[in-house]
Amino acid sequence: MMDLTFFKGKRVFLTGHTGFKGSWMCRILENYGAVLTGYSLAPPTEPNLFSLADVKTRMNSVIGDVRDFGKLKHIFDEAQPEIVIHMAAQPIVREGYRCPRETYETNVMGTVNLMECVRQSSSVKSVLNVTTDKVYLNREWPWGYRENEMLDGFDPYSNSKSCSELVTHSYANSFFGQQNIAVSTARAGNVIGGGDFAPDRIIPDCVRAQKQKQTIVLRNPHSVRPYQHVLEPLMAYLMITQRQFEDRRLAGWYNVGPEERDCVSTGQLADMFCQYWGEGASWITEYETDAPHEASFLRLDSSKLRAVFSWKPRWSIRDAVALTCAWSKIWLNGGSVTDEMDQEIQKYLDDNL
């Protein structure tokens with residue numbers, strides 16, 4: 001599918017590098033010799049993967065807000081990137097309900113600010129905006145959404161990412177074609193993996209419960225989501241940025257989701273976690289009477305990505321849960337999480353041979 005040695009010596013600008021997915025992305029790009037500049041708010045949790053992954057010393061890490069256009073452009077112009085990957089976002093549905101204005105400012109105007117930096121640059125050749133599977137108007141269909149479906153997320157987080165998609169489309173149509181800049185968006189499903197400490201996410205909640213020797217509590221065990229290991233979408237993002245760098249005709253809008261069999265309910269996911277964790281792990285349900293709206297059913301159709309790039313997911317949801325449990329136990333026992341990350345990255349690449 002791809003050759004990560006392509007990134008050796010490439011100047012890459014990554015927003016959101018201090019987050020869960022961003023930290024894994026930093027580890028991959030650094031391992032393969034990219035000249036990496038990251039721009040993001042400070043790590044959002046304590047503990048956090050950015051610190052645990054030991055990536056800061058091998059990159060130019062800048063703490064900044066994508067809403068601050070002046071600072072963003074200054075750092076961007078200094079970096080003179082060839083490749084831009086936009087992952088900075090307010091990523092939590094419930095936080096979007098609590099702070100809608102800030103969510104829109106970050107997810108929409110943050111995208112506008114970055115696209116303006118690209119528009120005014122002479123160095124950029126390949127841009128990827130990472131959005132979400134929640135950008136679609138969710139009709140609770142049992143089949144997967146395709147890239148030509150209507151964009152209209154329900155809640156502030158989902159809707160702001162729909163808007164981020166439209167901003168990207170507009171800049172691509174209005175400016176980037178004439179500038180020979182390849183730009184794509186990637187709409188990924190729910191990711192799991194070692195080092196996610198975010199609130200209001202099922203697997204981090206499961207790990208926290210085990211750390212505290214408590215029973216796992218699920219809000220809605222029947223919600224179905226397209227779960228996948230974090231390396232699945234990250235490797236797809238890198239594949240898209242590389243391939244469109246080499247042939248800008250490949251730029252477009254792509255779903256990045258798991259096999260249909262890996263779209264499971266929250267209860268099924270928790271069952272798998274308890275199985276692989278062992279030690280008597282169990283869960284119960286505590287329904288919320290005043291919970292904000294969240295879709296109960298969501299799947300992605302990734303046939304376009306498969307057709308264009310001959311891509312397919314490599315790890316099942318069971319593989320993903322097993323690896324997440326292994327990473328988390330190494331962390332809890334004081335082992336080397338960086339060694340585990342590197343081993344998982346290499347295993348993923350070996351499984352693609």
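Details of the structure are given in the entry above.
Owing to the predicted nature of the structure, the values given are computational and were not obtained by experimental measurement. (Residues numbered from 1 in each chain as written. Predicted model: local features only at pLDDT ≥ 70, side-chain atom pairs only at ≥ 80, totals over all residues. Heavy atoms only, no water.)

K.L.:
Report on the overall build of the protein chain, specifying residues and quantitative values.
P.N.:
Within the protein chain, the secondary structure is distributed over twelve helices and twelve strands. Dimensions of the protein chain along its principal axes, counting C-alpha atoms only, are 60 × 45 × 40 Å. Taken over 353 residues, the protein chain has a buried fraction of 58%. Residue pairs at least 24 apart in sequence account for 81% of intrachain contacts in the protein chain once pairs closer than 6 positions are excluded. (Helix = DSSP H or I, 4+ residues; strand = E, 2+ residues; numbered from the N terminus. Buried < 20%, exposed > 50% of the residue type's maximum accessible area, 1.4 Å probe, protein only. Contact = heavy atoms within 4.5 Å.)

K.L.:
Give a detailed account of the packing of aromatic side chains, specifying residues and quantitative values.
P.N.:
A complete count under the given rule lists 13 aromatic pairs for this structure. When the centroid spacing of 5.3 Å and the interplanar angle of 75 degrees are considered together, the rings of F6 and F245 count as edge-to-face. In this pair, F6 is assigned in the segment before β1 (11–15) and F245 in helix α8 (residues 231–246), connecting sequence segments 239 residues apart. Residue class for F6 comes out buried when judged on its relative accessible area of 13%. Where W141 meets Y145, the ring centres are 5.4 Å apart and the plane angle is 20 degrees; that geometry is what we call stacked. Using a relative accessible area of 0% as the deciding quantity, one classes Y145 as buried. An aromatic cluster is present here, built from Y136, W141, W143 and Y145 joined pairwise through their rings. Over the ring of Y254 we find K304, and its NZ or CZ is 4.8 Å from the ring centre. (Phe/Tyr/Trp six-rings, centres within 6.5 Å; stacked < 30°, edge-to-face > 60°. Lys NZ or Arg CZ within 6 Å of the ring centre and 35° of its normal.)

K.L.:
Tell me what's going on with the environment of M115, and back it up with residues and numbers.
P.N.:
If you trace the backbone, M115 turns up in helix α5 (residues 100–119). Taking C-alpha positions, M115 is 30 Å from P313, a pair spaced 198 residues apart along the chain. Setting aside chain neighbours within four positions, we find M115 in contact with V127, N129, V167, T168, Y171 and F176.

K.L.:
Go over the environment of N31, please, and point to the residues and values.
P.N.:
Looking at the element boundaries, N31 is found in helix α1 (residues 20–31). On the accessibility criterion, N31 (31% relative accessible area) is partly exposed. For N31, the residues in contact, after removing those within four places along its chain, are R58, D342 and I345.

K.L.:
Describe unusual backbone geometry, naming the residues involved and giving the relevant values.
P.N.:
With omega at 5 degrees, the peptide bond leading from E46 into P47 counts as cis. Within the element layout of this structure, P47 appears in the loop between β2 (35–40) and α2 (49–52). Positive phi values are uncommon outside glycine, yet S310 reaches one of about 55 degrees. Exposure remark for S310: the relative accessible area of 59% places this residue in the exposed category.

K.L.:
Could you give an account of α5, naming the residues involved and the relevant values?
P.N.:
The first and last C-alpha atoms of α5 sit 28 Å apart over 20 residues, in line with the 28 Å expected at 1.5 Å per residue. Along its length, α5 reaches its greatest deviation from straightness, about 30 degrees, at M109. (Expected span 1.5 Å × (residues − 1). Bend = angle between axes of the 7 residues up to and from the residue.)

K.L.:
Give a detailed account of helix α12 (residues 337–351), specifying residues and quantitative values.
P.N.:
Along its 15 residues, α12 runs 21 Å from first to last C-alpha, staying within 8% of the 21 Å computed at 1.5 Å per residue. All of the buried residues in α12 are V337, T338, E340, M341, E344, I345, Y348 and L349.

K.L.:
Go over the environment of Q346, please, and point to the residues and values.
P.N.:
With respect to the element layout, Q346 can be found in helix α12. For Q346 and I28, which are 318 residues apart along the polypeptide, the C-alpha to C-alpha distance reads 9.7 Å.

K.L.:
Residues and numbers for the sheet that holds strand β11 (residues 263–265), please.
P.N.:
Strands in a sheet are paired, the pairing made by backbone hydrogen bonds, and the direction either parallel or antiparallel. Read across the open sheet, the three strands follow the order β7-β9-β11; overall the sheet is mixed. The two strands at the open ends of the sheet, each matched to only one other strand, are β7 (190–192) and β11. With direction set aside, neighbouring strand axes in the sheet form an average angle of 50 degrees. Relative to β11, strand β9 (residues 224–229) runs antiparallel, the two sharing three bridges. Pairing of V224 across the sheet is with S265, part of β11. (Pairing = 2+ DSSP bridges. Axes fitted to C-alpha atoms, helices over the stretch in contact; angles between N-to-C directions.)

K.L.:
Account for the pattern of salt bridges, with residues named and values stated.
P.N.:
Under the criterion given, the structure shown has 22 salt bridges. Note that E95 is salt-bridged to R98, the shortest N-O span being 3.1 Å. Of this pair, E95 and R98 are both found in helix α4 (residues 93–98), three residues apart, which corresponds to roughly one turn of the helix. The residue R98 makes a salt bridge to D200 at a minimum N-O spacing of 3.4 Å. Within this pair, whereas R98 is found in helix α4, its partner D200 is found in the loop between β7 and α7 (202–211), the two being separated by 102 residues in sequence. D200 sits in the partly exposed class, given a relative accessible area of 27%. Beyond isolated ion pairs, a larger network of salt bridges with shared partners links D65, R67, R101, E102 and E105. (Salt bridge = Lys/Arg side-chain N within 4 Å of Asp/Glu carboxyl O.)

K.L.:
So what's going on with the state of the cysteines? Residues and values would help.
P.N.:
Summed over all chains, the structure comprises zero disulfides. Here C26 stays unpaired: no disulfide links it, and the sulfur of C117, its closest cysteine neighbor, is 18 Å away. Cysteine C206 shares no disulfide, and the gap to the nearest cysteine sulfur, in C274, comes to 6.3 Å. (Disulfide = S-S within 2.5 Å.)

K.L.:
Please provide a residue-by-residue account of the packing of α1 against α12, values included.
P.N.:
Between α1 and α12, the least distance of the axes is 11 Å, while the angle of their chain directions is 70 degrees. Considering their axes alone, α1 and α12 lie roughly perpendicular with respect to each other. Contact residues: α1 offers S23, W24, R27, I28 and N31, while α12 offers T338, M341, D342, E344 and I345. Its residues assigned to classes, the contact of α1 with α12 shows four nonpolar, three polar and three charged. (Parallel < 35°, antiparallel > 145°, perpendicular 65-115°, else oblique. Nonpolar A, V, L, I, M, F, W, Y, C, P; charged D, E, K, R; others polar.)

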